[in-house]
Amino acid sequence: MIEKKERPGSLLIDALLAIVIFGAVVAAFSNGILQGQQGTLRGNNRTRAVYLAEEGLQAIRSIRDQAGGYTRIKKRALDQDDGIQVVTGTGWMIVDEATVIDGMFTRRIIFSAGANTNQRKVSSIVTWSETQGDSLSVTQTSYITNWRETPIPTPDWSEPVLKGSFATVDDSFEAVAIHGTGAYVVGNQTTASGFYIFDISDPSSPDLEHEVHINAKLTDDGWDSRAWDIVIQGSYAYVGTNSTNGKKIKIINIAQTPVVCCTAEITLAGGTSGDVRGLAISGTTLYASRQPGTFTADFNEFMRFDVSTPASPVADGVTNADDIDAYGIVIEQPSMSSTGVFAAANDPKELVLMDIGKSPNPEEETNEDVTGTYVETYTVAYLTGSVFLGTQWSSGGPEVFAFDATVRPLVAASNLDLNGFGSSENAYDIAISQAGEAGLLAAYLRRIGIPGPCGPPKKHFFVSMDFSDVNAISFLFDDDDFDAYFGCNERGYGIALRESDQMAVLVSGNDFLSPAGGSLIILQPSFSFGD
């Protein structure tokens, strides 16, 4: 057996080798950790630089929105380094040099020429150095306009554009109101829900979000109820119906989740028959018109309510007249303190002006018989001292009348025949474009002998009119193309407009034939505020 001998110093060598290997491993890990920390720091620095660059643009926008702000921006030399800083008591100000933030970041603002004198390109550039000596930068760019001076294009309703459509539910849509990004629609079929909420935040794809059961059928519920009109104020919708249980006006909280019926229901005094066909609201006062089944001595055709507490509405005056057969109503000077409400009524008083300033009850101030013969009127609209009346005239006369609302007696200043489309020509509802000085009509017109999607006659549901001159109203557009988006037996019954972006929502219904159907389309002018 050969005996192994230890060589002197071998243990020391082994120890040194172990130390070297361990040191190498530790160094490798330490380098990785250090690089990771540096990467995190670089990422944090870049994130903050992006924020500071965006803050620079927001600061310039804030300055632009101040009185005379764009003038100060316009005076800055182009393509040079400026800065911005906060001055106590003043806010953001433009300074002559780039600004240093926390001793690390430098922010420069550079103005460049835009498309015209009312536009500037703004670049917000933030630079900084990393610990390794690398110099980095982030740039954010935007265009700002002198919106106080740049004219807003006038909406052109002679060339409306179809944005989106929805068809169909088993109800006949009668009226629509727009509130925020929602379109609130009511229908008149007793077997259907009667109240519909559409999300119109994407106009190209209106979405039916929710239905509320407000209608009723005699055989199922013990009474009939059909919804006819809707107005919205704040968080509450007010719906006019023909409920045979006497609860003619329904108040619905549209801010609650889910939306249900009802916060309150108004039972009308002076007879339980008749339909609440017209509603208007101003502040905390609600006005309602009722079309009677038959005129009786105790039947109230026009009513006023205090709805300062929607859950507890209070009657605040009525008008009892045996010859006002009213449909739609509109407040005179709706954005101002007003003492008048116009009502679309029937022969011999097709247009009635109610004095709503009277106490304890509103009183009829004046009226106008526009034809001398029997005509049904459905809708009335108001625009800067003029009032417009929409009618049905089956014998070929004019269907739209314009009045100078500032003179008495009321006399039609001009009118327009919906031009021989057929024996049935109806203007059911009118929405007003204040910016475009236009009237938008939900209508039912027939072009005899001309084929349409459902065969002849071709039907029209939308008309736009020039209302800029009360003495000479005229056509802008009648739809040649939109009829394909409605059911064959439907009629354009309701329309509403959101003035801020000129979005119009038109609804239709079929309450003549079975099965019922309702459709919705969204329109805008050929150019609008949002384009």
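Refer to the structure presented above.
Described in the following lines is the structure provided in the data block.

What counts as what
- Residues numbered from 1 in each chain as written.
- Predicted model: local features only at pLDDT ≥ 70, side-chain atom pairs only at ≥ 80, totals over all residues.
- Heavy atoms only, no water.
- Helix = DSSP H or I, 4+ residues; strand = E, 2+ residues; numbered from the N terminus.
- Buried < 20%, exposed > 50% of the residue type's maximum accessible area, 1.4 Å probe, protein only.
- Contact = heavy atoms within 4.5 Å.
- Areas by Shrake-Rupley, 256 points an atom, 1.4 Å probe, with all protein chains shown as cover.
- Pairing = 2+ DSSP bridges.
- Axes fitted to C-alpha atoms, helices over the stretch in contact; angles between N-to-C directions.
- Phe/Tyr/Trp six-rings, centres within 6.5 Å; stacked < 30°, edge-to-face > 60°.
- Core = buried A, V, L, I, M, F, W, Y, C linked by side-chain atoms within 4.5 Å.
- Salt bridge = Lys/Arg side-chain N within 4 Å of Asp/Glu carboxyl O.
- Disulfide = S-S within 2.5 Å.
- Polar contact = N/O pair within 3.5 Å; in protein donor to acceptor, adjacent residues only side chain to side chain.

Some points on the overall build of the protein
Counting its regular elements, the protein contains three helices and 34 strands. Counting every position in the protein, which comprises 531 residues, the buried fraction comes to 48%. Pairs at least 24 residues apart make up 49% of the contacts formed inside the protein by residues separated by at least 6 positions. Looking at the protein as shown, the accessible area adds up to about 24300 Å², and 51% of this sits on carbon and sulfur atoms.

Topic: the sheet that holds strand β19 (residues 314-319)
The strand order across the open sheet formed by four strands is β16-β17-β18-β19, and the pairing between neighbours is antiparallel. In this open sheet, the two edge strands, each paired with only one partner strand, are β16 (275-282) and β19. Within the sheet, the average angular offset between the axes of one strand and its neighbour, ignoring direction, is 20 degrees.

Quick look at the packing of aromatic side chains
Summed over the entire model, instances satisfying the criterion amount to 12 aromatic pairs. Seen from their ring centres, tyrosine 327 and tyrosine 378 are 5.1 Å apart, and the 80 degrees between their planes marks the pair as edge-to-face. Remark: tyrosine 378 occurs in strand β24 (residues 376-383) and tyrosine 327 occurs in the loop between β19 and β20 (329-331); sequence separation between them is 51 residues. Across this residue pair, the class does not change: tyrosine 327 and tyrosine 378 are buried. Site record: aromatic cluster; members linked through ring pairs are Phe166, Phe173, Tyr196 and Phe198.

Some points on the sheet that holds strand β11 (residues 207-213)
A sheet is described by the order of its strands in space; here four strands give the open sequence β8-β9-β10-β11, paired in antiparallel fashion. Of all strands in the sheet, those with a lone pairing partner are β8 (173-179) and β11, marking the two edges. Across the sheet, the axes of successive neighbouring strands diverge by a mean angle of 20 degrees, strand direction being ignored. For β8 and strand β9 (residues 182-187), the ladder comprises six bridges, and the chain directions are antiparallel. Along β9, the bridge assignment pairs phenylalanine 173 with glycine 187.

Considering the nonpolar core
Soluble, globular proteins show a tendency: their nonpolar side chains are buried together. Counting 18 residues, the largest nonpolar core has Phe388, Met465, Phe467 and Ile473 as its most contacted members. Looking at this core, the elements that each hand over two or more residues are β24, β26 (400-404), β28 (426-433), β29 (438-447) and β30 (458-466). Grouped together as the second largest cluster of nonpolar side chains are 17 residues, Phe166, Ile200, Ala496 and Ile522 included.

What to know about the pairing of β26
Within β26, four of the five residues are buried, leaving the element largely enclosed by the surrounding structure. With five bridges connecting them, strand β25 (residues 386-392) and β26 associate as antiparallel partners. The partner of serine 386 across the bridge, within β26, is aspartate 404. Pairing geometry for β26 and strand β27 (residues 412-416), over four bridges, is antiparallel. Its bridge partner being in β27, valine 400 is matched across the sheet by leucine 416.

What about the pattern of salt bridges?
Under the criterion given, the structure shown has 14 salt bridges. The salt bridge involving arginine 408 is made with glutamate 365; its shortest N-O contact spans 3.2 Å. Of this pair, arginine 408 sits in the loop between β26 and β27 while glutamate 365 sits in strand β23 (residues 363-368), placing them 43 residues apart in sequence. Judged by relative accessible area, which is 37%, arginine 408 ranks as partly exposed. One salt bridge in this structure joins arginine 498 and aspartate 501, with 2.7 Å as the shortest N-O distance. For the pair formed by arginine 498 and aspartate 501, the shared burial category is buried.

Structural notes on the environment of asparagine 489
Structurally, asparagine 489 is set in the loop between β31 (474-478) and β32 (491-498). For asparagine 489, a relative accessible area of 41% translates into the label partly exposed. For asparagine 489 and glycine 509, which are 20 residues apart along the polypeptide, the C-alpha to C-alpha distance reads 8.0 Å.

Quick look at the state of the cysteines
According to the stated counting rule, one finds one disulfide in the structure shown. Two residues, cysteine 261 and cysteine 262, share a disulfide whose sulfurs are 1.5 Å apart. With the S-S bond torsion at -45 degrees, the cross-link from cysteine 261 to cysteine 262 turns out left-handed.

A word on the side chain of serine 433
Relative to the elements of secondary structure, serine 433 occurs in strand β28. Relative accessible area serves as the criterion here: at 0%, serine 433 is assigned to the buried category. Polar contacts involving the side chain of serine 433 include one to the main-chain amide nitrogen of glycine 436, which spans 3.0 Å. Not counting the four nearest positions on each side in its chain, serine 433 is found in contact with Trp157, Ala438, Leu497, Glu499 and Gln502.

With respect to the environment of asparagine 45
Here asparagine 45 lies in helix α1 (residues 10-64). You can call asparagine 45 buried: its relative accessible area is 9%. Distance from asparagine 45 to glutamate 130, taken between C-alpha atoms, is 8.6 Å for residues 85 residues apart in sequence. If sequence neighbours within four positions are ignored, asparagine 45 has contacts with Met104, Phe105, Trp128 and Glu130.

Points about the side chain of serine 142
Structurally, serine 142 can be placed in strand β6 (residues 135-145). Looking at serine 142, the relative accessible area reads 16%, which means it is buried. At 3.1 Å, the side chain of serine 142 forms a polar contact with the side chain of arginine 61. Contact partners of serine 142, with chain neighbours within four places excluded, come to Leu57, Arg61, Arg120, Lys121 and Val122.

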